[in-house]
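# Observations on the three-dimensional arrangement
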Amino acid sequence: MREFTNSFYLNEHLFFGHLGELLIITAFVSALFAFFLGLNYYLSKEKNETQLAQTKVFYWIHLASVLGIFFLLIFLFKGQYFEYHYIWRHSSRELPWYYILSAMWEGQKGSFILWIMWQAILGFFLVKKTSEIKIGALSILMFIQVLLLTMILGVDIFGKLIGMNPFILLRDEMSIPILSNPNYLTLIKDGNGLNILLQNYWMVIHPPILFLGFASASIPFSFALASLLKRDYTSWTKEVNSWTLFSVAALGCGILMGGRWAYEALSFGGFWAWDPVENASLVPWLFLVAGLHTLLIYKATGHSLKASYILLVLGFGSVLYSTFLTRSGILGDSSVHSFTDLGMTGQLLVFLALLLVPVFLLLAFNWSRIPDIKEEEHTKSREFWMFLGVLFIVVSAIQVTFTTSIPVWNKLFDLKEKLAPPINANEHYNSIQIWFTTLVCSLMAVSLWLQYKATKGIKQMRILGLILLICLVITGIHLYLCDILPFQEYVLEVKKYKLTVKFISTYLLLFLSSLTMIAWSIYYVFSQLKNSSKLYWGGSIAHIGFGLLVLGALISQYQKQAISINKAGVDLGKEFSVEEQSSNTLLMRNKREAMGKYWVTYMGKSEVFKGEKYQVLFQSKNNPGDSFVIYPEAKIIKEGENNRLNPEPGIVHFWNKDIFSHVSSVPDDSESTGKASIKKVKIKDTFYSGDRFVVFDKVVSSGNNSKQHIEVKAILRLCDLDGNQEPLEVFYKLSLMSRSMENPIALSKDSKLKMKLVNIVPDSGEFHFSVEDSASINDWIILKVLEFPYIQILWLGCILMTIGALMSMMYRRKFKK
């Protein structure tokens, strides 16, 4: 294989970069030709089969080029070619091989390539068995590919850089002295590495599925736009139904995988935090689900075709908007997921406008021509209640979008008084979305038993009433056993007046509606057993899955509880809030502590990749033989002179609960010097030494100050977990003339702890103590343990919802044939 080399720089492999750039240009040009040829063939009255063949040829060239870009980048990551900036920026020599894929799509360039690859692959199913509307959709898909490829072109046009080239060289991207050395590659010992939060197996599989969902949302959009261009308003609906189901399944599965990653890799104690980027992926799914149901209404009754157009366009439109939110840098620090601004804000806005403005103009122009039934839906019909549910889903999506977009509103309208994002995002969104979810679950339960156009009567009404009664009894028993009040108080403020109103608790309403929806859907499946095709049950199974997801989320989140109660009242330090002080426990190595129903013992630690794994033994108080071990991990991340702890939870799964734990603090061994360690603390701080903790109460003058010297006295308390305390005074004398100091060693009563004050930093208020403790090894952890009851219901619901959507997709495809 011939290599392009630079005569000045040594050992660079430039051939791969040239090949990558050639593949990008080829993919871009071939997509452009496929778009023009395909669109011309689709819109022309007299079909030119040669033009159709050329469209297919250019598509195949495009697909081959895109796959070439993808696998070439993987090859460069695997080979650790650090002369390329993107490889150096996101990889390192110590990175395990199975995280190469995570490294590839960690950055903007790699994630764009992943998106482009999925759309190119999905195009295969439009080319495989062609029809006019499929070729129309393919041409629109190729136009989207053209716009996406501009994001990685890296071409300078009139002084404006279009896109970010993933194959740019390190020396062309960065200006540091080492890169002027001809042999700089031998001086680069390692790459920058992968974000430590992404070093999790879920990040290998979650992004590809999520981006498959994003890419698949472009297919219904392409069908809708193609039909508007040709003014063929009906034939596209025969194709788009199964595609919408696939998109709902793929995007939903990707979102749920993200929730599982957050649950297993992050320490906030949950699976959904209403983070802006999480919201940006949820909203497209909501619009697609709403569009799917209006398509079903149209197929059965002829109603809601206009609504289907709007919702499917908004499905992919919100994907584009979420791309702008996450990649423009406008979210700033409001999201832990968003990318930094790489100067592409203007290009992203153009991308958004070129796709959405034409389609909305076409919708407006064709609005009166789109078939619609003037007669109102009957209130006893299935489509009436389905459409009502669609409206609630849409309003839910709008509310999430509005709040998530607060940084956009502040920048767009240049408000003097900036809108502030909710302080407690969980409380804000949950208090609103719980009403929409309750209403949607209720409508899902009812509409399943109604008939399209009109319902003359429900034969199973008595059985459904009995099931509802059983659900009411189960709800009552659940509330009683869990000590949950059936009513809650709402305070209404009007000017100076306050009105307290009691109303049925939202917990009760959502529990009952989701449980009833599950039960009625299960009964519906049994009532349809005579149907020859099992795939027909897909919709009901998806509904059951959604109900289980809601029920599991409600129970596990509302009733989760911390069992790591700080019963000894140990002051864990200023970095712990009042709530965290009470819900975290200090565990000394090999010392057993009571925790809920368990005796808990910290057994020790072992090294793992870039961190440590802690072994914690849980033993039942009632049956000591009933025990399990949990392994939380922690990685220490250096940030300048300070270290930041990045905990990774340890979880043990039971059939009826999860025990979830993470370390909140560990000893900092990096400050150790011989047997003594340096503790940098401020007044009122707490630090740990051996099997005790030390509280730094205050600093006072010793009373022996003069013009020649200053003498101060640090007052500390030595505490153990049994509640015993011992005062300790540490002196520090500074000569103002010679700048010398005297810092005698202070001893504990047992003479096992030696401490002296070695430095005072007035600017930061820090005091540096040298501490040596021979009482025991300095091995402890502060642990938080949560119990999530019945969270397995949620994960079962996720699986069933995805399976049900895929079954429905297969049924629709079979039915269409």
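Everything below is about the structure shown above.
Residues numbered from 1 in each chain as written. Predicted model: local features only at pLDDT ≥ 70, side-chain atom pairs only at ≥ 80, totals over all residues. Heavy atoms only, no water.

## Some words on the packing of aromatic side chains
Stated precisely, the cut-off is as follows: Two rings from Phe, Tyr or Trp (for Trp, the six-membered ring) form a pair when their centres sit within 6.5 Å of each other. Planes less than 30 degrees apart are called stacked, planes more than 60 degrees apart edge-to-face, and all others tilted. A helix here means a DSSP run of H or I that spans at least four residues, while a strand means a run of E at least two residues long, and both kinds are numbered starting from the N terminus. Buried residues are those whose accessible area, probed at 1.4 Å on protein chains only, stays under 20% of the maximum for their type, while exposed residues exceed 50% and partly exposed ones sit between those limits. Geometrically, a charge over a ring is one whose NZ (Lys) or CZ (Arg) sits within 6 Å of the ring centre while staying within 35 degrees of the ring normal.
Evaluated as defined, the whole model comprises 47 aromatic pairs. With centroids separated by 6.5 Å and ring planes inclined at 70°, the aromatic side chains of phenylalanine 125 and tryptophan 243 adopt a geometry described as edge-to-face. Here the residue phenylalanine 125 occupies a position in helix 5 (residues 108-128), and tryptophan 243 occupies one in helix 11 (residues 236-265), the gap between them amounting to 118 residues. In this structure phenylalanine 125 comes out as partly exposed when scored by relative accessible area, which is 42%. Residues tryptophan 274 and tyrosine 429 carry aromatic rings whose centres are separated by 4.7 Å and whose planes lie at 15° to one another, so their mutual orientation is stacked. A residue pair is termed long-range when its members are at least 10 positions apart, and tryptophan 274 in the loop between helix 11 and helix 12 (276-301) and tyrosine 429 in helix 17 (residues 425-447) qualify at 155 residues. The residues tryptophan 274 and tyrosine 429 share a single accessibility class, namely buried. Feature note: the residues Tyr59, Trp60, Phe124, Phe125, Trp243 and Phe246 constitute an aromatic cluster, connected by ring pairs. A cation over an aromatic ring shows up here: lysine 230 above the ring of tyrosine 42, its NZ or CZ 4.8 Å from the ring centre. The aromatic ring of phenylalanine 365 is capped on one face by arginine 369, whose charged end is 4.8 Å from the ring centroid.

## Examining the environment of methionine 104
To be explicit about the condition: Residue contacts are defined here by distance: any two heavy atoms, one from each residue, within 4.5 Å place the two residues in contact.
Along the chain, the position of methionine 104 falls in helix 4 (residues 100-104). Taking relative accessible area as the criterion, methionine 104 reaches 1% and is therefore assigned buried. When the C-alpha atoms of methionine 104 and tyrosine 41 are compared, they prove to be 38 Å apart, with 63 residues separating the residues in sequence. Apart from residues lying up to four places away in sequence, methionine 104 is in contact with Phe70, Leu73, Ile74, Phe77, Tyr86, Gly110, Ser111 and Ile113.

## A look at the pattern of salt bridges
Our working rule: When a carboxyl oxygen of Asp or Glu lies within 4 Å of a side-chain nitrogen of Lys or Arg, that pair is called a salt bridge.
Applying the stated criterion across every chain yields a total of 13 salt bridges. A salt bridge links lysine 230 to glutamate 132; the shortest N-O distance between them is 2.4 Å. With lysine 230 in helix 10 (residues 218-230) and glutamate 132 in helix 6 (residues 132-149), this pair connects stretches of sequence that are 98 residues apart. The partly exposed category is assigned to lysine 230, whose relative accessible area is 29%.

## Describing the nonpolar core
One recurring pattern in soluble globular proteins is that nonpolar side chains are buried together. Which entries qualify depends on this criterion: In this text, buried Ala, Val, Leu, Ile, Met, Phe, Trp, Tyr and Cys residues form a nonpolar core when linked through side-chain atoms within 4.5 Å.
In terms of nonpolar packing, the biggest core is built from 193 residues, with Trp115, Phe221, Phe223, Trp236, Trp285, Tyr309 and Phe316 touching the most fellow members. When residues in this core are grouped by element, the largest group, 15 residues, is from helix 11. Look past the residues within four positions of phenylalanine 221 in its chain and what remains in contact with it is Ile140, Ile144, Leu312, Val313, Phe316, Leu355, Leu356 and Val359. Counting residues in each nonpolar core, the second largest holds 19 residues, with Met595, Phe628, Leu783 and Val785 among its members.

Such coordinate-based values are descriptive only and should not be taken to indicate function.
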